[in-house]
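Topology and contacts: notes
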Amino acid sequence: MPELALTRHVPSSFAHALAAAVPDAPIDVAQARAQHAGYRAALASLGLEVRVLDADDAHPDCCFVEDTAVVAAGVALVTHPGAPSRRGEVGPVAAALAELGVTIARVEAPATLDGGDCMRVGSTLYVGRSARTNAAGIARLAEVFEPRGLRVVAIELPPGVLHLKCACAPLGDDAITHAVPLPREPFRGLSLVAIPEVESYAANVLAIGRRVIVPAGFARTADLLARAGYEPVPLATTELRKADGALTCLSIII
């Protein structure tokens with residue numbers, strides 16, 4: 001079981017975070033911070049120690065800390081994010097991980113890799129080839145983790161899917177959530193909780209044991225998870241969603 005979650009505060013500049021589409025209403029930074037506090041409280045309620053890094057107002061997306069490092073097998077692969085505006089986020093995260101005693105490896109240009117494209121399920125690391133993660137980034141992921149016993153499986157993401165974890169998320173070592181239009185074939189052998197297309201945003205969940213944090217307002221997804229034997233823990237994410245953010249984006253689980 002994981003023991004620690006590394007998070008980062010929401011910056012005052014969060015209203016200027018990257019987004020695929022302009023939201024119907026502007027981001028309410030105060031509400032985003034309240035939702036982030038609720039997220040940290042939910043992680044703590046699931047038994048995790050929560051550590052919080054200071055925000056950096058020069059980097060509006062910095063609270064989406066997942067994209068800055070992939071941690072597995074005692075190693076943190078510090079990424080080179082696909083969005084140039086986000087590359088300054090990695091330094092403080094790398095320093096914090098080093099302080100935790102994790103071995104640091106790095107992705108260097110021209111390779112790009114976003115942590116949101118990486119999903120560990122048991123001994124497999126699935127990685128999405130996306131607008132943010134290129135072939136060289138995937139090769140670097142394999143170079144670091146395959147010698148440490150993890151199989152790396154690349155998945156070509158369909159157009160319009162920002163990150164792999166926008167459409168799926170782990171539910172332990174043998175199950176995932178899964179939303180269209182992500183292909184099923186790469187996940188043969190896993191149990192899939194199929195998320196309805198109208199609730200595809202809710203495919204991004206964060207599971208600790210049998211308890212699963214889910215975005216509030218997606219009743220069908222919560223019901224499907226409950227029927228599959230999990231305990232849904234609904235959490236408001238409305239303001240974070242306006243910046244293309246979801247639950248796993250907000251932490252690095254160690």
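Structural notes, computed from the coordinates. The structure presented is a predicted model; accordingly, all values stated were derived computationally and were not measured.

Rules used in this analysis
Residues numbered from 1 in each chain as written. Predicted model: local features only at pLDDT ≥ 70, side-chain atom pairs only at ≥ 80, totals over all residues. Heavy atoms only, no water. Salt bridge = Lys/Arg side-chain N within 4 Å of Asp/Glu carboxyl O. Helix = DSSP H or I, 4+ residues; strand = E, 2+ residues; numbered from the N terminus. Buried < 20%, exposed > 50% of the residue type's maximum accessible area, 1.4 Å probe, protein only. Pairing = 2+ DSSP bridges. Right-handed = clockwise from strand over helix to strand, strands pointing away. Core = buried A, V, L, I, M, F, W, Y, C linked by side-chain atoms within 4.5 Å. Contact = heavy atoms within 4.5 Å. Axes fitted to C-alpha atoms, helices over the stretch in contact; angles between N-to-C directions. Phe/Tyr/Trp six-rings, centres within 6.5 Å; stacked < 30°, edge-to-face > 60°. Lys NZ or Arg CZ within 6 Å of the ring centre and 35° of its normal.

1. Details of the pattern of salt bridges
- Applying the stated criterion to the full structure yields ten salt bridges.
- The salt bridge involving Glu231 is made with Arg211; its shortest N-O contact spans 3.7 Å. Taken together, the residues Glu231 in strand S14 (residues 231-235) and Arg211 in strand S13 (residues 211-215) connect sequence positions 20 residues apart.
- By relative accessible area, which is 29% here, Arg211 ends up partly exposed.
- Connected through salt bridges with shared partners, the residues Asp67, Arg86 and Glu89 form a single ionic network.

2. Examining the environment of Ala30
- Tracing the backbone shows Ala30 in helix H1 (residues 29-45).
- Classification of Ala30 by relative accessible area gives exposed; the value is 57%.
- It is 9.8 Å that separates the C-alpha atoms of Ala30 and Phe14, two residues lying 16 residues apart in sequence.

3. Topic: the pairing of strand S1 (residues 4-8)
- In terms of burial, S1 is largely enclosed, as five of its five residues are buried.
- Burial of S1 is two-sided: the residues Leu4, Leu6 and Arg8 facing one way and the residues Ala5 and Thr7 facing the other way are all buried.
- In this sheet, strand S2 (residues 49-53) lies alongside S1 in parallel orientation, the contact comprising five bridges. Note on S2: the bridge partner recorded for Leu6 is Arg51.
- One crossover worth recording links S1 to the parallel S2 by way of H1, and it is right-handed.

4. So, the nonpolar core
- Formed by 28 residues in total, the largest nonpolar core has its most connected members in Phe14, Tyr39, Leu43, Phe64 and Ile213.
- Only H1, strand S12 (206-208) and S14 provide two or more residues apiece to this core.
- Among the elements that take part in this core, H1 stands out by supplying five residues, more than any other.
- Apart from the residues lying within four places of it in its own chain, the contact partners of Phe14 are Ile27, Val29, Ala32, Pro60, Cys63, Phe64, Glu239, Leu240 and Ala243.
- One finds Leu77, Ala111, Ile138 and Leu141 within the second-largest nonpolar core, a separate group that totals 18 residues.

5. Details of the sheet that holds S1
- The sheet built from three strands is open, its strands ordered S2-S1-S15 with mixed pairing. At either margin of the open sheet sits one strand with a lone partner, and together these are S2 and strand S15 (252-253).
- Its contacts with the sheet put H1 on S1 and S2, and the angle it makes with S1 is roughly 175 degrees.
- Most of the contacts of helix H2 (residues 90-99) go to S1, to which it runs at about 155 degrees, and overall it touches S1, S2 and S15.

6. Some details on the sheet that holds strand S7 (residues 124-129)
- What the three strands build is an open sheet, ordered S6-S7-S8; its pairing is mixed. Of all the strands in the sheet, just strand S6 (118-121) and strand S8 (151-156) have a single pairing partner and so form its edges. Each neighbouring strand pair of the sheet contributes to a mean axis angle of 25 degrees, computed without reference to strand direction.
- Here S6 pairs with S7 via four bridges, running antiparallel. The residue bridging Cys118 from the neighbouring strand is Val127, located in S7.
- Sheet contacts for helix H3 (residues 135-145): S6, S7 and S8; angle to S7, the most-contacted strand, approximately 170 degrees.

7. A word on the packing of aromatic side chains
- Across all of its chains, the model carries three aromatic pairs by this definition.
- Judged by centre distance (5.7 Å) and plane angle (40 degrees), the rings of Tyr201 and Phe218 are tilted. Here Phe218 lies in the loop between S13 and helix H4 (219-227) and Tyr201 lies in the loop between strand S11 (191-195) and S12, a separation of 17 residues in the sequence.
- For Tyr201, a relative accessible area of 15% puts it in the buried group.
- Between the NZ or CZ atom of Arg210 and the centre of the ring of Tyr230, over which it lies, the distance is 4.0 Å.
- The ring of Tyr201 carries Arg241 above its face, with NZ or CZ at 4.3 Å from the centroid.

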